[in-house]
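What follows is the residue order along each chain.
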Amino acid sequence: MNLPMFYKTNHSATTDKGEVRQYCSMHCVVDDKEHNHTPLSNIKVVDSNSLKFIDAKSAYYTTDNITPMAYGFSAHQIKNTIGPNQEVVDWAEVKKRVI
């Protein structure tokens, strides 16, 4: 997967061995953690406004975006940066929809 091309949906996480991994989307993080049983912590996602990595578990996610895995999630650090009438979900809901 071309990580620079999909920068806005990038995630990163740290393994229990201290290795920092980068992922193209939430799907790849969840697949590594849940299906490959890789212990991951410090999960980050790119904020769609600032383009900086933020804490994935406290981010707000909109669901109607064009993404590499077609899940449509885009992360926001600040909720009021999200436009009206957009569905907003949290980390737990994102995980449910990706698994």
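Worth saying up front: this structure is predicted, and the values here are computed from it rather than measured.

Draft legend 1. Representation of the pattern of salt bridges. Per the counting criterion, the structure on display carries six salt bridges. Note that Arg21 is salt-bridged to Glu19, the shortest N-O span being 3.4 Å. The residue Asp32 makes a salt bridge to Arg21 at a minimum N-O spacing of 2.7 Å. With a gap of 11 residues between them, Asp32 in helix 1 (residues 26–35) and Arg21 in strand 2 (residues 20–23) connect regions that are remote in the sequence. Because the salt bridges share partners, they merge into one network encompassing Glu87, Glu93, Lys96 and Arg97.

Draft legend 2. Examining unusual backbone geometry more closely. Its identity as a non-glycine residue notwithstanding, His37 has a phi of 60 degrees, on the positive side. On the basis of relative accessibility, which here comes to 62%, the residue His37 falls in the exposed class. Even without a glycine there, the phi angle at Asn85 is positive, about 65 degrees. The residue Asn85 is located in the loop between strand 6 (74–76) and strand 7 (88–89) in this model.

Cut-off values and rules
Residues numbered from 1 in each chain as written. Predicted model: local features only at pLDDT ≥ 70, side-chain atom pairs only at ≥ 80, totals over all residues. Heavy atoms only, no water. Salt bridge = Lys/Arg side-chain N within 4 Å of Asp/Glu carboxyl O. Helix = DSSP H or I, 4+ residues; strand = E, 2+ residues; numbered from the N terminus. Buried < 20%, exposed > 50% of the residue type's maximum accessible area, 1.4 Å probe, protein only.

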